[in-house]
Every structure is written in C-alpha cells, then in structure tokens.
Amino acid sequence: MKTSPLLPMLCGGTEGGKREGRSRGISDDGCFSPSASPGTKTIIIYYFMSRTLKRLFINGFPGYYGGAGTELHHQIIVWRQMGMEVHLIPTGDGFGQETMLLEMAARGVTVHAPGDWSALEAEDVIISFCNAEFLENLPEIRKRTKRTVFVNCMTWLFQKERQRMAEGQIALFLYQNEEVRQKNMPVLKSLNDDPAIRFMTFKPYFHNESFPFIYERADEFFGCGRISRQDADKFARNTLRIYEYFVAPVFKRALFLGFGQRSRQKIGKPYSWIRTAANQKVVSQQEFYRHCKIVLQPTDTTENWPRVGFEAMASGSVLIVDNRGGWRQMVEHGKTGWLCDHERDFIFYASKMAYEPRLREDMAEAARERCLNLGGLAASMESWEEVFETMANLPE
C-alpha cells in the first residue's frame, strides 16, 4: 500500500508501527469506524516519519465546549492519527466528564493524576493551551523538563506569561494565528532576547465530522443566534438592539447558547422570542446550529482563531461577525459570511440573509468548503510535523 509520509496507515499495509488493544471506534479490519462498538479489537497501523519526538505531554484536559478545551480535543485527534503517544496531566479534579474520559481511553491517550509531573523526563515536551495554572506551575515542571510549550489562544498576553518569558521558562510559543504571532513576539522578545526561545504558528485541525452540514432547517420562523462561553465580554452591549432591528419575512426566533447572569447584567433581559441556555448540557452545539440559519455574533472582544467559526461553517450557519481579529482571516466577506464594522452592518446583513435564502444557501456551501480548507487534516498534519521537529530540538 502506497501512503503519503504525512498520513497514518489506518488499514492494512506493511510499513510503520503497530498498536493492538481494545478500543471503541475501530473495526476488525483495522479501519476507523465511528459506529464500531466498545470492545472491538483495535489494530491500527501508522506510518511513522523519521521523527525523533514520539510522545507528548499536555497540561490540561480536552472538552466538547469552549475554545481551548475544544481546540485541544481536536488536536489530540490529529496527533493520535499521526501516531503520537499522548499523555494528559489535568489541571484540577474537575476533568471527570465520563464521555470524554471514555473517548480518551478509546483513542489510547494516557491520563495521569492532576498535577503529577513525575512521569516527565528531561527529553519530554509538555504543552498547554491557554492554561493559567500551567504558567503558575512552570518552575516545578522545569525541574523535570525544560521543553515547555505555551499556546496562547487569546490576542493579548497574560501577565504571568510575560513574567515566565522574562525568566526564560517557556521554550516555545505556539500561535494559531500569524497576525497574533507577529504582534506578540516583539513584546515578548523585549523581555528576553534569548535566541533559543522559539515562536511558531501551526494550522489547527478542525474535526468537522462532529458538525455535519445541515441542509434543511425550519421555515416557519427565521432561526438565528450566538454562541460562546459565559463571558460578558463575548457580548456587545448593543446585542439586543441588533437582534431587535434586523427584519425577516417570518417571525424571528433566536437562541443564545452560553448565557448567564454576567451576560444579563451587561446587555439586559433578552426578549421573549430569544431563548437562552447556560451551556451545552442544556442545548448541544449541534442543536444550536440546527436552529440557526445565521450566527449573528457582535462582541466586545477581538477573537484569535474562533472555533465557533469552524463549527458554524461546517454546519451551514452563515456567520455575521466583527471585522477584526481572526474573523478577518476566516471569513471571506460577501462569499462565506459577513464582516461588520458597525451595528447597522449587522442589522443590514442579517436582514439580507433573511430575505435572500438562495444567496444564504450558496454562502453556506462556500463556507463549508472554506472550513475544510482551513482546518483540514492533511494541512494540519504537515504543520504539526514541522512543530514536532522543532520541539525535538529544543534544549534539554
């Protein structure tokens, strides 16, 4: 069987390393099958590159909802498909979500006790996604390994991140967005000009199978909404005014997923036709996108590389978002979504999408293709191979 050096051999073949065990999601012929039952025999054959780095430690735990946790979840999927041995060291005791633990076990991921650094050896790399506790624990971690990697998912720097840079305790800074790297790197280098400290951008993988494209939605109302964690900054103060003043040929029905007391204090009480949900336990992301023909999302933040953008594009919900930050790289204005500079832009484009269903459907299809291009498996694998090579050459 002929394979690309960047892709895992998931079925048959003679090259690569072989792992056997019991797992969910692998059929008897060794092929990945999402519907395979628990206990199915696992025979996964990976094509390994001549890569020095064979295992990776992560401080944190993946999640199904929220930026950094979801980002980590999707990267673990691609790392395992690349044959990387993955070890999780959770930050605290609140990681015991049974479904995610089962998934991690099925994917062959090792989960250590929270804050247990004893498994780390000098040649190991440990990475953390936007985790303040990781920054706090770096002095203890670096007693065991100097190969420390931090992914800042924000567009701004943590104060502790600045401090650890000045102390030389972060060996590699990783970014999802090249603009953010170019913005933050000079600031960090001004604190410590050690040339051994590296800065790189990677192409995050988006597991679009979790968000199938929705071709048909209810027509008796116009479904719209916004989604984020419960953070007041994720809501623009004029959110309700925008939702009130855009027009549609049928009744509007909105859904705010990730809405709590802080959000209410900032923007006020939503109208009776706006349903709110605290988190994905109340309304799943898939239910949210099934409801939404558009995601109408004005915020007071500058987003880095918003995962909800991928989710919306994969699901067929047209994005109407701020013209700044990562949205500008993700959305092609007028083709795959709309970028807005003023509340009147949000109102105009939301109304346009309500009254022009064919255009909306064409844009949803184009956005789906862009999602596959931006967060595709092959491009992400190639990007991570470059990062792994750099990690393997970090000073011990």
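Residues numbered from 1 in each chain as written. Predicted model: local features only at pLDDT ≥ 70, side-chain atom pairs only at ≥ 80, totals over all residues. Heavy atoms only, no water.

Participant: What's the story with the overall build of the chain in this structure? I'm lost.
Facilitator: Scanning the chain from terminus to terminus reveals 13 helices and 15 strands. Looking at the chain as a whole, 54% of its 396 residues qualify as buried. A total of about 17600 Å² of accessible surface is found on the chain, and carbon and sulfur atoms cover 48% of it. (Helix = DSSP H or I, 4+ residues; strand = E, 2+ residues; numbered from the N terminus. Buried < 20%, exposed > 50% of the residue type's maximum accessible area, 1.4 Å probe, protein only. Areas by Shrake-Rupley, 256 points an atom, 1.4 Å probe, with all protein chains shown as cover.)

Participant: Quick question: what am I supposed to make of the packing of aromatic side chains here?
Facilitator: Aromatic ring pairs: the centre-centre distance and the angle between the two ring planes describe each pair. Scanning the model with the defined rule gives 23 aromatic pairs in all. The interplanar angle of 85° and the centroid separation of 5.2 Å between the aromatic rings of Trp79 and Trp384 together place this pair among those described as edge-to-face. Here the residue Trp79 occupies a position in helix H1 (residues 67-81), and Trp384 occupies one in helix H13 (residues 377-392), the gap between them amounting to 305 residues. Exposure class is identical for Trp79 and Trp384. Each is buried. Geometrically, the ring pair formed by Tyr243 and Phe256 is edge-to-face, given 5.1 Å between the ring centres and 75° between the ring planes. (Phe/Tyr/Trp six-rings, centres within 6.5 Å; stacked < 30°, edge-to-face > 60°.)

Participant: I tried to follow the sheet that holds strand S8 (residues 172-175) on my own but got confused; where do I start?
Facilitator: In a beta sheet, neighbouring strands are held together by backbone hydrogen bonds and run either parallel or antiparallel to one another. With respect to topology, 7 strands assemble into an open sheet ordered S5-S4-S3-S6-S7-S8-S9, the strand pairing being parallel. For this open sheet the edge positions go to strand S5 (110-111) and strand S9 (198-201), each flanked by a neighbour on one side alone. (Pairing = 2+ DSSP bridges.)

Participant: For this particular structure, what's the right way to read unusual backbone geometry?
Facilitator: A negative phi angle is the norm for most residues apart from glycine, just as the trans form is the norm for most peptide bonds. Non-glycine residue Cys130 carries a positive phi angle of around 55°. The residue Cys130 is located in the loop between strand S6 (125-129) and helix H3 (132-141) in this model.

Participant: Looking at this model, I keep getting lost on the environment of Ile320. Mind explaining?
Facilitator: Tracing the sequence through the fold places Ile320 in strand S14 (residues 318-322). Exposure remark for Ile320: the relative accessible area of 0% places this residue in the buried category. Ile320 sits 18 residues away from Trp338 along the chain, and the two C-alpha atoms are 4.7 Å apart. In this view, Ile320 contacts Ile294, Val295, Leu296, Gln297, Trp338, Cys340, Phe346, Tyr349, Ala350 and Met353; residues no more than four positions away in its chain are not counted. (Contact = heavy atoms within 4.5 Å.)

Participant: I keep staring at the pattern of salt bridges and nothing clicks. Help me out?
Facilitator: When charged atoms on two side chains of opposite charge get close, those side chains can pair. All told, the structure shown has 18 salt bridges when counted by the stated rule. Between Lys234 and Glu303 there is a salt bridge, and its shortest N-O distance comes to 2.8 Å. In this pair, Lys234 sits in the loop between strand S10 (221-227) and helix H6 (239-245) while Glu303 sits in the loop between strand S13 (294-297) and helix H9 (307-315), placing the two residues 69 residues apart along the sequence. Each of the two residues, Lys234 as well as Glu303, counts as buried. Put simply, Asp300 and Lys266 hold a salt bridge, and the shortest N to O gap is 2.6 Å. Residue Asp300 is located in the loop between S13 and H9, and its partner Lys266 is located in helix H7 (residues 261-267); the two are separated by 34 residues in the primary sequence. Residue classification places Asp300 among the partly exposed residues on the basis of a relative accessible area of 42%. (Salt bridge = Lys/Arg side-chain N within 4 Å of Asp/Glu carboxyl O.)

Participant: It is not clear to me how the sheet that holds strand S11 (residues 251-257) should be interpreted in this structure. Could you clarify?
Facilitator: The 6 strands are arranged S12-S11-S10-S13-S14-S15 in an open sheet whose pairing can be described as parallel. Two strands lie at the open edges of the sheet, namely strand S12 (274-277) and strand S15 (337-340), each paired on one side alone. When strand polarity is set aside, the average angle formed by the axes of neighbouring strands in this sheet is 20°. Bridging between S10 and S13 involves 2 bridges; their strand directions are parallel. (Axes fitted to C-alpha atoms, helices over the stretch in contact; angles between N-to-C directions.)

Participant: What exactly am I supposed to notice about helix H11 (residues 343-355) here?
Facilitator: The α-helix winds at 3.6 residues per turn, so residues separated by three or four positions along the chain end up facing the same way. Its 13 residues give H11 an end-to-end C-alpha distance of 19 Å, which sits within 8% of 18 Å, the value for a rise of 1.5 Å per residue. Within H11 the residues assigned to the buried category are Asp345, Phe346, Ile347, Tyr349, Ala350, Ser351, Met353 and Ala354. At its buried positions, H11 is contacted by S10, H6, S13, S14, S15 and helix H12 (357-374). (Expected span 1.5 Å × (residues − 1).)

Participant: Any chance you could explain the side chain of Thr70 here in plain terms?
Facilitator: Among the secondary structure elements, Thr70 is positioned in helix H1. Discounting residues that sit within four places of it in the chain, Thr70 has contacts with Gly63, Tyr64, Tyr65 and Glu311.

Participant: Sorry, what's going on with the packing of H3 against helix H4 (residues 159-166) here?
Facilitator: Two numbers describe a pair of packed helices, the interaxial angle and the distance between the axes. With their axes 9 Å apart at the nearest point, H3 and H4 run at an angle of 25° to one another. Accordingly, the angle class assigned to the pair H3 and H4 is roughly parallel. Both H3 and H4 take part in a crossing whose hand is left-handed. Contacts between H3 and H4 pair Leu135, Glu136, Leu138 and Pro139 from the former with Lys160, Glu161 and Arg164 from the latter. Here the contact of H3 with H4 is built from residues that sort into 3 nonpolar, no polar and 4 charged. (Parallel < 35°, antiparallel > 145°, perpendicular 65-115°, else oblique. Left-handed = near helix turned anticlockwise from the far one by under 90°. Nonpolar A, V, L, I, M, F, W, Y, C, P; charged D, E, K, R; others polar.)

Participant: It is not clear to me how the confidence of the model for the chain should be interpreted in this structure. Could you clarify?
Facilitator: In low-pLDDT segments, the atomic positions of the prediction should not be examined closely. Averaged over all residues, the pLDDT of the chain is 86; the fraction at 70 or higher stands at 86%. Residue range residues 1-49 is modelled with pLDDT below 50. Its contacts to residues more than four positions away, or to other chains, number 106 contacts. (pLDDT = per-residue confidence, 0-100.)

Participant: Looking at this structure, I do not really get the side chain of Thr145. What am I missing?
Facilitator: On the secondary structure map, Thr145 appears in the loop between H3 and strand S7 (147-151). When residues no more than four places from it in sequence are discounted, the contact partners of Thr145 are Leu120, Glu121, Ala122, Asp124 and Ile126.

Participant: What exactly am I supposed to notice about the nonpolar core here?
Facilitator: One recurring pattern in soluble globular proteins: nonpolar side chains tend to sit buried together. Leu56, Trp79, Ile127, Leu174, Trp384, Phe388 and Met391 are the most contacted members of the largest nonpolar core, which totals 57 residues. The element that contributes the greatest number of residues to this core is H13, accounting for 6 residues. Aside from chain neighbours lying at most four places away, what touches Phe388 is Arg51, Leu53, Leu56, Trp79, Met82 and Met84. Ranked by size, the runner-up nonpolar core spans 28 residues in total, among them Leu240, Tyr243, Leu296 and Ala350. (Core = buried A, V, L, I, M, F, W, Y, C linked by side-chain atoms within 4.5 Å.)

Participant: How should I be thinking about the state of the cysteines in this particular structure?
Facilitator: Throughout this description, disulfide means a covalent bond between two cysteine sulfur atoms. One pass over the full model with this rule turns up 0 disulfides. No disulfide involves Cys224; its sulfur sits 6.6 Å from the nearest other cysteine sulfur, which is in Cys292. (Disulfide = S-S within 2.5 Å.)

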